[in-house]
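A look at the structure
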Amino acid sequence: MKNYLTLYKPFLKFIGAFLFSYILLTFLYQWYLSGYENNQLDGITRLVASHVEKVLQVFDSNSAVVYQHNTKISILMHQKEVATVIEGCNAISVMILFVSFVIAFAGRFRTTLFFLLGGCVLIYILNVIRIAFLSLLLYRFSAYEHLLHGVIFPLFIYGVVFILWFFWVNYFSIYATKSTSK
């Protein structure tokens, strides 16, 4: 048994760090959300919607984000509701997954910290752009809602996270191969 623990120590360390980080961050986020009453919009989701509105205004001045009774955020294009922003649209769950993976493959403290901050900012910005473009496309191609919302745009955001993970593991983590050739 001891041989198996020694043999699989890196894997077990990764799983332990990942699960601990993921559970802790999820718990903290749920604690943050518990500060809001049922169906009340949280501050992060409101911030995302505000930034989505600014991006949409660049592409179509007839777009707006409407807060309805502090429970729903509607994205309107030419007075037609094309999308609704809810708590799950703020990409926090994606950031928690990203952070947990990077922590599980942690490198130097400063490098890890800067990569986490930069990665979360990039995920946030790309998520805002994702929602804005999704809204624009839903206005024009509403029949393709499932394909756009359920397939293409999740592939985009998770694809970016996968690429970030790839760079982290191969160039910055403790397992990154150091090139010694000149």
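To start, this report covers the structure provided alongside it. (Residues numbered from 1 in each chain as written. Predicted model: local features only at pLDDT ≥ 70, side-chain atom pairs only at ≥ 80, totals over all residues. Heavy atoms only, no water.)

Looking now at the side chain of N127. On the secondary structure map, N127 appears in helix α5 (residues 109–140). For N127, a relative accessible area of 2% translates into the label buried. Not counting chain neighbours up to four residues away, the residues in contact with N127 comprise V48, C89, N90, A91 and I157. (Helix = DSSP H or I, 4+ residues; strand = E, 2+ residues; numbered from the N terminus. Buried < 20%, exposed > 50% of the residue type's maximum accessible area, 1.4 Å probe, protein only. Contact = heavy atoms within 4.5 Å.)

Time to look at unusual backbone geometry. Positive phi, normally seen in glycine, also occurs at H78, with a value near 55°. Summarising the element assignment, H78 is placed in the loop between β2 (72–77) and β3 (80–85). Overall, the relative accessible area of 35% leaves H78 in the partly exposed class. Even without being glycine, Q79 reaches a positive phi, approximately 65°. With respect to the helices and strands, the residue Q79 is situated in the loop between β2 and β3.

What follows deals with the environment of G107. Residue placement: G107 occurs in the loop between α4 (92–104) and α5. Classification of G107 as partly exposed rests on a relative accessible area of 23%.

As a further point, take the packing of aromatic side chains. Both the distance between ring centres and the angle between the ring planes are used here to describe each pair of aromatic rings. On inspection of all chains with the given rule, the structure shows 15 aromatic pairs. The interplanar angle of 55° and the centroid separation of 5.2 Å between the aromatic rings of F101 and F105 together place this pair among those described as tilted. Like F101, the residue F105 is buried in the burial classification. Among the aromatic side chains, those forming a connected cluster through ring pairs are F14, F18, Y22, F101, F105 and W165. (Phe/Tyr/Trp six-rings, centres within 6.5 Å; stacked < 30°, edge-to-face > 60°.)

Turning to a nonpolar patch on the surface, a few remarks are in order. A cluster of nonpolar side chains, M1, Y4, L5, L7, Y8, F11 and L12, forms an exposed patch at the surface whose accessible area comes to about 830 Å². At the level of elements, α1 (2–7) and α2 (9–33) are the ones that each hand at least two residues to the nonpolar patch. Counting residues per element, the nonpolar patch draws most heavily on α1, which supplies three residues. In this structure, F11 sits in helix α2. (Patch = residues over 30% accessible without salt bridge, like charges linked within 9 Å, V, L, I, M, F, W, Y side chains within 5 Å. Areas by Shrake-Rupley, 256 points an atom, 1.4 Å probe, with all protein chains shown as cover. Salt bridge = Lys/Arg side-chain N within 4 Å of Asp/Glu carboxyl O.)

Moving on, we get to the pairing of β2. On a regular strand, each side chain points to the face opposite its neighbour's, so the side chains alternate between the two faces of the sheet. For β2, the buried fraction is high: five of the six residues fall into the buried class. Alignment of strand β1 (residues 63–68) against β2, held across six bridges, turns out to be antiparallel. Bridging from a neighbouring strand, Q68 pairs with K72 of β2. The pairing of β2 with β3 spans five bridges and is classified as antiparallel. From the neighbouring strand, L76 faces β3, where its bridge partner is E81. (Pairing = 2+ DSSP bridges.)

What follows covers α4. Taking 1.5 Å per residue, 13 residues should reach 18 Å; α4 reaches 18 Å between its end C-alpha atoms and fits that length. Across the 13 residues of α4, 10 count as buried, placing the element largely inside the fold. Every buried residue of α4 is listed here: I92, V94, M95, I96, F98, V99, S100, F101, V102 and A104. On the buried face of α4, the contacting elements are α2, α3 (43–59), α5 and α6 (145–172). (Expected span 1.5 Å × (residues − 1).)

Spatial strand order, β1-β2-β3: three strands in an open sheet with antiparallel pairing. Of all strands in the sheet, those bounded by a partner on one side alone are β1 and β3. Here the strands of the sheet are splayed against their neighbours by 30° on average, with no regard to which way each runs. With respect to the sheet, α3 is in contact with β1, β2 and β3, its orientation differing from that of β1 by roughly 160°. Along the sheet face, α5 touches β2 and β3 and points at about 150° away from the line of β3. (Axes fitted to C-alpha atoms, helices over the stretch in contact; angles between N-to-C directions.)

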